[in-house]
Structure formats: C-alpha cells, structure tokens
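Each chain, letter by letter, is given below.
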Amino acid sequence: MDSFEPDGNGVANGNGATNGNGAQEALPPPPPVIPPNVVPVRAEGDQPPEPVKKKVMRVPIARRGLANKGQKIQLLTNHFKVGVNNVDGHFFHYSVSLAYEDGRPVDGKGVGRKVIDRVQETYDTELAGKDFAYDGEKSLFTVGPLPRNKLEFTVVLEDVISNRNNGNSSPNGHGSPNEGDRKRMRRPYQSKTFKVEISFAAKIPMQAIANALRGQESENSQEALRVLDIILRQHAAKQGCLLVRQSFFHNDPKNFADVGGGVLGCRGFHSSFRTSQGGLSLNIDVSTTMIIQPGPVVDFLIANQNVRDPFSLDWSKAKRTLKNLRIKTSPANQEFKITGLSEKTCKDQMFTLKQRGNDADGEPQTIEVTVYDYFVNHRGIELRYSGDLPCINVGKPKRPTFFPLELCSLVSLQRYTKALSTLQRASLVEKSRQKPQERMKVLSEALKCNHYDSEPLLRSCGISISTSFTQVDGRVLPAPRLKVGNGEDFFPRNGRWNFNNKKLVQPTKIERWAVVNFSARCDTQSLVRDLIKCGDLKGIQIDAPFDVFQENPQNRRAPPMARVEKMFEDIQSKLPGAPQFLLCLLPERKNSDLYGPWKRKNLAEYGIVTQCIAPTRVNDQYLTNVLLKINAKMGGLNSLLAVEHSPSIPLVSKAPTIILGMDVSHGSPGQSDVPSIAAVVSSRQWPLISKYRASVRTQSPKVEMIDSLFKKTSETEDDGIMRELLLDFYTSSGKRKPDQIIIFRDGVSESQFNQVLNIELDQIIESCKFLDEKWNPKFVVIVAQKNHHTKFFQPGSPDNVPPGTVIDNKVCHPRNNDFYLCAHAGMIGTTRPTHYHVLLDDVGFSADDLQELVHSLSYVYQRSTTAISVVAPICYAHLAATQMGQFMKFEELSETSSSHGGVTSAGAVPVPQLPRLQENVCNSMFFC
C-alpha cells in the first residue's frame, strides 16, 4: 500500500506529448495502443522476451433491457420516419479530381460544384443521364453504375469569380483601374477550362442501411447514410444555401438577427438521417450560425469596431477582419476576395495606368495616377468619403488591384468564426430561442418547403419521408429527496427548491477574511452587514471582516496584473497573516480582465479561497446564491441527496466508488493556436457523491482526447491527472481505494467513442496499476452529449417536457445502450435533452438504477437550487477548465497570429503549462 500514500507535492499538472487522434473521418481508425510520436516507456510486463499480448479492442456495450420506473408520458420528437424501398440497389462511389488546363489541381472550395454541374449538362448522354450526389470536394455517388469505370471530361466555365468561395480564381487584375470598362468586358481570361477525372472507387449496397437498422452497423452502413446526407446537402447547395456540416442556411434577411459588432445570427436548419430502434428517420432541427453583416464594407467596419464614423477606425484591425472576405464592387457588380488594404489613402495611392497607343519606342504609354483620380476623373464615378481612407485590395501580392472603400459591399452568407463576446452571446440566445410550439411549426414548414419528395436521387433510392413528428413513450422520474440543515428532508418541485427558512446541511465558519474592492461602485459596509445576516439565517457563522481594502484610484488605469499586485501589497502590509477567505468586488459583470489574474494570484500563489462578485442589484436571493458558492468553496455542503446521507445508492454505496467528470474545452474556431484545456473532476469522501475536486491541464490545440491522464516521468513516478485524483479519494475516504470508477465524459462525438474506450480508459487503468499492480477496479464509462439535434415535445401543450423525462426507445440506437434525459425544467425556449451513451458497465447496473443515478447527479450541483441539464461532475469540469483557462490569456497569442483556422500539427508547438494550485486549495471546490 505504500505506493498509495500521497506524496505531498500538491496538485499535479502537466501535459503529455501528443495524442493519437488525427483528423476525424466518419469512422475513426482503430486507435493505436501507443499514440504516435510517443516513445513507449515500458514494454508489456517489463520483460522484453515475453511475446506481446494482442490487445483486445473494446467496443460500446449493447443495451441490456429497458427501464420501467417513472410515470409514463406520450411525447413527440423531431424525427420523421423514412421509408426505404430500394434495398437491392447499390450506391457507386467515384473519386473526382479537378485540374486546370495546365494540370494544376483545383484546390478551392466552391468551384467544384459548378464544374460538376457543367459536366452533367454537357455530357448527359455519356453519363447515361445519371444524377450525381456530389460532396463538393473529391467524392461523387450515383445510384447504379456509370457507363465506364474511368471517365475524363473537359469543360469551360465563364467568370469563375462569382462562386461562393472563389477558390483559386484570382481577379487577374480585371477591375484593376487599368483600362476602360468597354475593354475590360472583352477580356479573354474570364473563362477557364477544367479537366475532370471521375474514377470508380467503391460499391455500397443499400442493404447495409437495413442491416444497420437491425443493429448490425458496418463501414458500408455508415457510408450509405453519408450518401443520403450528401444528397440533402447538395439539395440545399442547389438552392444557394450556405452549408455548415449538416446544416444549411438560406439567404433570406428575415432569418437574420443582429447580435452587434457587425455580426448576424442566421437561422437555418439541420437535417441528417439517423438509424434508430424505430427504423430510419430524418432528424430536422432549427440551427443558427454566425455570419458577417452583408452590405457596405464601411457599415460593417463601423459596427464591428463600435465607432462613430469611418475616420475613427483602427485600420490594422480592419485589415485582419476583412482578409479573405468576399465583396461585390459597383458599378460593374463583380465579385472579388479581399486580400488586404492599401498602405496609403485613396487620394495618395498611385498606380500605373496604361494609355492608348504606343510611345516613340513602340512601348505602351503609361501614366501614374492616384486611385481617387482614376475613379473620379477617368471613370466619372462620384466618391463622397473614400478619398481619405485606405482602398480595398483584391489583387495579388505583386499585382495589387485597388477599389475605393465606398464602392465595395460584403456578399451575404459569409461565416463569422471568431468567438462571440458575452454581450453578443446573450443577444443571440435572446433572439434565437423558440417556444416548443413555435419550433414545431417552423420545423413542419421547413419539411414542406424543402420538397425532398421531388429530389430525383432520393426518388431513385426509393426513399419517402413522412411529414409527421414521430411519437415516443417517455417516463418522468420522481425528483430525489434532499437533506438540508437540522435533519430536514425536502422534496424539489418542478426541478427546483429554495433555502427560504432553511439552513444548509453542512455550513462552514468564516473567520479570518477581508473584502477587496477594485473600484466597484458599492456600499461595502451594508453589503458586509447583509451578507453576515443572510449567512446567519443559513447557518453560516461569519465573523466581521478584518478590513475592506479599497483600490487606490491611481491604479485604476494600470494593466490588470499590476492592479492585482498592488492590491496584494496593500493586503500583506495590513493583515497579520494569510486570510482564510477574500471577497472581491469587481467593477464590471462578466469578462472583467481582473478576474483571471486575481484568481491565479489567490489560488496558485497564496492558496486563498476567493469569491468574486460584481454587485449591481443586491437582494436576499443574490446573497443566498453567493453564499451557496462560498460555502461549497470553503468545504461545506449546501444540500445532500437523502440516499447519500443514509447511504443507500444502488451499487454505489455498497463499495467505494469514485465518480469522474471529464471535459476538454477548446479555443473558438477562429483560434487555431490556443491550447485546449482538459479538466477532470473527481468525487471525494465516499460515500458522498456531492463533493468534488478538480485537476486541470493544457494540451495541444483542438485535441479532444485527454493526453495526461497517465504520465510516467520515471520508473517510479507518474505525473498524470489520475494519480492525483485517486490519491485524494484514498485519503479523503478513510484510506479506501475505489473498487468502482464511474466516468462521465463530455464533448465527444460517436466517431470518437472507440478512442475514449481504448485510449483514455487504458491510461486510467495504467495509472491504477502504477499505484498498485494487483488492483483491478470495475469501470463504468458514460458519454454525455448536448450538441445533438433531437428535441421532445408534449403534444397539444405549450410547455416543455417535465423535469425528469427520460426516453430510451424508438429514437435511441438500435443496438447500443443510450438514453435521453431532460433533468431540468426548461424555462425559456425548447428544452435540450442530454443524450447519455453507456459505453461500458463492468459494475452491472440495471437500466433503472443507472438512469436514476444519472438523474440524481443532476441534483447535487452546489451552485444552484435547481436540477441542471447534465450531471454535476461534467458541469464542474467545464467550470474548472474555464476558470483556470483565464489564468493565462491565450487570446492575445491568437489575435495577431496569421494562422486563422489552420490547426498546427498536434504537439509540434510546446504548450504553455498551467500553474499548480496551492496545497490548501487544490482539493477544494474552487470552481464553484
């Protein structure tokens, strides 16, 4: 057991090399036992001669029966039944290669669809009149074969510029103010010739879809469903929609909602084919993406930078924002891609204008003119305000092509991929939420408007789509009984409860503490008085604070780090010793730039528990919520499940059990170089399941698998996340090792389930074995998904489904063990259920017991008096990742970096490490 005693070096933290999860295809390759680029540290069993045991791949377990508990309820869901008549047919998969006349490959997006459309128009007879399902890139599918296995065509496209993404087609200088309009219209190189090669790749039996519905999934069934999804995408592309994965967005201003900063929320639809117990279904849902405000470039920039007029714009920022966006120029109405801005203003920017006729040497005559002079005097176009502003450049690096700003308009439906600000996000939520009834109406209309029944390819597959919502049977689980102070029991109603006239179940004492005010406008004396009074009612004994530290007004303008340093110097000079707790008042709500540096200083340098507030409306409810957070951080508990108190949780109370919540959070899509943050929280003090602690590490950007669960640094040392959590469980649970480890994993898609089961779980098992070779705990692995598109509705009712609603039939997987749970009361919009997938269960839970455990874990979240929509350990993992992510401002790295969206090869760049938390706070619920 010696290996199990904690080694007293605080919280471990760090980052493994890289992780074997490359680009995601529809089905991931079987994960390697050892991720690439990692030198294997020890061979199996440490004895080289022994033959290596063949590793058995784990796959998700099958369903073991349905659950019965709860009150039955009839529901509708946004899945529409699909009939498939032609199961004997085959899809034929062809690979497409596109090249220009000179053999250069076409790598731009958007051109492909135009070229393939032209191939179909021009060579209809050679193609035996076949319809194509083309993915816009390198794959094309037909129902039945084309006449030959390899076909080559040449097609000509006019004016390749104005496609959605202008791939490679460069403006070639037309539009450059070099010649007269008349001459520009006759230019020869506005048409391009393409060589197209279509060659046979594979044959996919439609029978595979029928097999998948019986639970026999295969590579073929995944592919066949992909073909059906491609047909839907193509159907939308032909209507001029913006496509984002399986969602499509029409160019209709009534679907746009301004969220500020020149960004619009654009409402569209998600649609995808799903195999389920009830057969094949089409899942349709409302979906929103962010787009750039179309129209004059200048209006967009003014909104984006929130300034009064174009003369106040920051042009270096504008240049970054505009790069690669598409514009239309007037009066010729041509489309270009922005490559940059001119160095000088329109009135000063010179270029060489060719003249008619030749000079004495027979060379073409040229004169130097300004862009302004050219447009105003040579072209007779009036410019009102562009003269003193930079021009938009749409040319090549060596051959710029300039347009005055006011002649340029942004084309509609261009995606905005940067992270939204807090205000933008709030505005988006406000404007895009829909009550259940409204959503159902919109979806029914969408299905009618899409005219899928007229899509020739779906017809030739023999596919028909029902127009009515699928009916499913749900069950409503009763809310778990809670324990509050003074031994009182309490039953939540409609997923909510409160602490009016009640005490907390385990209140703490707050003795040595102080208040810190960073220039927030606030009456601190009455705030402290009310907090102490409110604490007393809840059972928390709060002594008078040692002092209230007001920020020196001179420091207000200093950078955040400096303000925090100065404040700490002040605290240290006046306090006799380190405080137990600091209450910090911040001047602005949400994203205050003081938050990260303040938390880091307290937790990583001094080990002080701290609570930040931005007091605007302080009332009893507000103070109670603040106290719930403080009590949890200080080691108290606000409420407990009655089954935890007694303890009588099926299987969990019988043997030492640790519950883990795991999550990886990534930078926004526009930031390719912000490290991802992996957080794992673990329960402590078994038999409790309401107390947790967290371990957080950075890892390579956009890597979803957690790579530092087990990190062997020498023969006897492991610096991984798991060791830290297991040791804490051991010391906090009366020197007991967990016999059962229940893992909740957030944020992985179905294509990554095998990696969770084989890469991550292997690391966890290794860290257990490293502590004690003979130790074999049992595992349960459950994935929670929130970003899916299944919704449930109560027929004929304006309300959301009641809290505790669970569905494990009809729309669930034909073979695997999954269920949907709406644990929370949906107050606004339409409830989004959490989709739980049970990938592994060595413990042997019954369906009822497992669903009940998951439901109960939605009631142990210490920050609120409501059931939450996903189990608490996963919420805590999000909170811990977000909070420690603020310790380091990664965004600054990204704002100026040139690589937008390009992923660095994982692990090529060393990832900055997060600081370790001090020993006295590392086991606390600091993230609450």
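Bear in mind that the values here come from a model prediction, so they are computed numbers and not experimental data. (Residues numbered from 1 in each chain as written. Predicted model: local features only at pLDDT ≥ 70, side-chain atom pairs only at ≥ 80, totals over all residues. Heavy atoms only, no water.)

> Before we go on, may I ask you to explain the overall build of the chain in this structure?
A tally of regular secondary structure across the chain gives 21 helices and 39 strands. Split into buried and exposed, the 928 residues of the chain put 55% on the buried side. Of all intrachain contacts in the chain linking residues separated by at least 6 positions in sequence, the fraction that spans at least 24 positions is 74%. Summing over all exposed atoms, the chain offers an accessible surface of approximately 40700 Å²; the carbon and sulfur share of this is 50%. (Helix = DSSP H or I, 4+ residues; strand = E, 2+ residues; numbered from the N terminus. Buried < 20%, exposed > 50% of the residue type's maximum accessible area, 1.4 Å probe, protein only. Contact = heavy atoms within 4.5 Å. Areas by Shrake-Rupley, 256 points an atom, 1.4 Å probe, with all protein chains shown as cover.)

> In this structure, what is going on with the environment of Leu383? I would like to understand it.
Within the secondary structure, Leu383 sits in the loop between helix 7 (371-378) and strand 18 (390-393). Between the alpha carbons of Leu383 and Leu405 there is a distance of 9.3 Å; along the sequence they are 22 residues apart. Leu383 has contacts with Cys346, Tyr372, Phe375, Val376, Pro404, Glu406 and Leu407, leaving out every residue within four places of it along the chain.

> Looking at this structure, how should I read the sheet that holds strand 30 (residues 640-641)?
What holds strands together in a sheet is hydrogen bonding between their backbones, with the strands either parallel or antiparallel. Within the open sheet, the three strands sit side by side as 23-22-30. Their pairing is antiparallel. Edge strands, defined here as strands with exactly one partner in the open sheet, are strand 23 (489-490) and strand 30. Pairing of strand 22 (residues 482-483) with strand 23 involves two bridges; the strand directions are antiparallel. When the bridges of strand 23 are listed, Lys483 appears paired with Asp489. (Pairing = 2+ DSSP bridges.)

> What is the right way to look at the pattern of salt bridges in this model?
Where charged atoms from two side chains of opposite charge approach closely, those side chains can pair. Counted according to the given criterion, the structure contains 32 salt bridges. Between Glu430 and Arg433 there is a salt bridge; the shortest N-O distance is 3.5 Å. On the basis of relative accessibility, which here comes to 48%, the residue Glu430 falls in the partly exposed class. Look at Arg433 and you get partly exposed, because its relative accessible area is 33%. Put simply, Arg563 and Glu551 hold a salt bridge, and the shortest N to O gap is 2.9 Å. Residue Arg563 is found in helix 12 (residues 560-574), and its partner Glu551 is found in the loop between strand 27 (548-550) and helix 12; the two are separated by twelve residues along the sequence. Several salt bridges share partner residues, and in doing so they unite Arg684, Arg693, Arg697, Glu724 and Asp728 into one network. (Salt bridge = Lys/Arg side-chain N within 4 Å of Asp/Glu carboxyl O.)

> Just checking my understanding: could you explain the sheet that holds strand 15 (residues 340-345) for this structure?
Strand order in the open sheet made by the three strands is 15-18-19, with antiparallel pairing throughout. In this open sheet, the two edge strands, each paired with only one partner strand, are strand 15 and strand 19 (402-403). Here three bridges tie strand 15 to strand 18, and the two strands are oriented antiparallel to one another. Considered in strand 18, the bridge of Leu341 is made with Ile392.

> Sorry, what's going on with the packing of aromatic side chains here?
Describing an aromatic ring pair means giving the distance of the ring centres and the angle of the ring planes. Tallied over the entire structure, the rule returns 22 aromatic pairs. Summarising the aromatic geometry, the rings of Phe518 and Trp598 are spaced 5.6 Å apart at their centres and angled 80° between planes, so their arrangement reads as edge-to-face. Taken together, the residues Phe518 in the loop between strand 25 (513-517) and helix 11 (524-538) and Trp598 in helix 13 (residues 595-606) connect sequence positions 80 residues apart. Of the aromatic side chains, those joined through ring pairs into one cluster are Phe336, Phe351, Tyr374, Phe375 and Phe403. (Phe/Tyr/Trp six-rings, centres within 6.5 Å; stacked < 30°, edge-to-face > 60°.)

> What should I look at first to understand the pairing of strand 16 (residues 350-358) in this one?
On a regular strand, one side chain projects to one face of the sheet and the next to the other, so that they alternate. Summarising the sheet, strand 16 and strand 17 (residues 364-370) pair through six bridges and their orientation is antiparallel. Following the sheet pairing, Leu353 is matched in strand 17 by Ile367. Two successive antiparallel strands, strand 16 and strand 17, enclose a turn made up of five residues, where Gly362 displays a positive phi of approximately 80°.

> Looking at this model, I keep getting lost on the environment of Arg267. Mind explaining?
The topology assignment puts Arg267 in strand 10 (residues 263-276). In this structure, Arg267 is in contact with Phe249, Asn255, Val286, Ser287, Thr288, Gln434 and Val442, ignoring residues within four places of it in sequence.

> Is there a simple way to explain helix 16 (residues 721-732) in this structure?
Side chains three or four residues apart in an α-helix point the same way, a direct result of the helix having 3.6 residues per turn. Taking 1.5 Å of rise per residue, the twelve residues of helix 16 would be expected to cover 16 Å, and the 17 Å separating its terminal C-alpha atoms lies within 8% of that figure. With ten of twelve residues buried, helix 16 is to be regarded as a mostly interior element. Along helix 16, the residues classified as buried are Ile721, Met722, Arg723, Glu724, Leu725, Leu726, Leu727, Asp728, Phe729 and Tyr730. Downstream of helix 16 by a residue or two, Gly734 has a phi angle that is positive, lying close to 65°. (Expected span 1.5 Å × (residues − 1).)

> How should the confidence of the model for the chain be read in this particular structure?
The predicted coordinates ought not to be read in detail in places where the model reports low pLDDT. On average, residues of the chain score 86 in pLDDT, and 88% of them reach the 70 mark or higher. For the stretch residues 5-45, pLDDT sits under 50, and the model shows 95 contacts to residues farther than four places along the chain or on other chains. Counted against residues more than four places away or in other chains, residues 162-189, with its pLDDT under 50, gives 77 contacts. (pLDDT = per-residue confidence, 0-100.)

> Can you help me understand the pairing of strand 25 in this one?
Across the five residues of strand 25, five count as buried, placing the element largely inside the fold. Where strand 25 lies against strand 28 (residues 581-585), five bridges are found, and the strand directions are parallel. Residue pairing in the sheet places Asn517 in a bridge with Leu585 of strand 28. The pairing of strand 25 with strand 27 spans three bridges and is classified as parallel. Looking at strand 27, one finds that Val515 is bridged to Val548.

> Explanation requested: the packing of helix 11 against helix 14 (residues 620-633) in the structure shown.
To characterise two packed helices, one gives the angle between the axes of the helices and the distance between these axes. For the pair helix 11 and helix 14, interaxial distance at closest approach is 10 Å and the crossing angle is 70°. When the axis of helix 11 is compared with that of helix 14, the two are roughly perpendicular. Of the residues in helix 14, those touching helix 11 at Leu527, Asp530, Leu531, Cys534, Gly535 and Lys538 are Asp620, Leu623, Thr624 and Leu627. Tallied by class, residues from the contact of helix 11 with helix 14 come to five nonpolar, two polar and three charged. (Axes fitted to C-alpha atoms, helices over the stretch in contact; angles between N-to-C directions. Parallel < 35°, antiparallel > 145°, perpendicular 65-115°, else oblique. Nonpolar A, V, L, I, M, F, W, Y, C, P; charged D, E, K, R; others polar.)

> I keep staring at unusual backbone geometry and nothing clicks. Help me out?
For residues besides glycine, phi is generally negative; the peptide bonds are generally trans as well. With an omega of 5°, the peptide bond between Ser330 and Pro331 qualifies as cis. Relative to the assigned elements, Pro331 resides in the loop between strand 13 (326-329) and strand 14 (334-337). Cis rather than trans, the peptide bond between Trp686 and Pro687 has omega equal to 15°. Relative to the helices and strands, Pro687 resides in the loop between strand 32 (676-683) and strand 33 (692-699). Of note, Leu413 is a non-glycine position whose phi angle comes to about 60°, a positive value.

> What's the story with the packing of helix 5 (residues 297-305) against helix 6 (residues 315-322) in this structure? I'm lost.
Running from N to C, helix 5 and helix 6 point in directions that differ by 115°, and their axes come no closer than 11 Å. Of the possible angle classes, the one that applies to helix 5 and helix 6 is roughly perpendicular. Viewed along their axes, helix 5 and helix 6 form a crossing whose handedness is right-handed. On helix 6, the residues that touch Val297, Phe300, Leu301, Asn304 and Gln305 of helix 5 are Trp315, Lys317, Ala318, Thr321 and Leu322. Each residue belonging to the contact of helix 5 with helix 6 can be placed in one class, and the counts come to six nonpolar, three polar and one charged. (Left-handed = near helix turned anticlockwise from the far one by under 90°.)

> What should I look at first to understand the environment of Arg356 in this one?
Structurally, Arg356 can be placed in strand 16. Judged by relative accessible area, which is 69%, Arg356 ranks as exposed. In this structure the C-alpha to C-alpha distance between Arg356 and Thr366, which are ten residues apart in sequence, comes to 8.6 Å.

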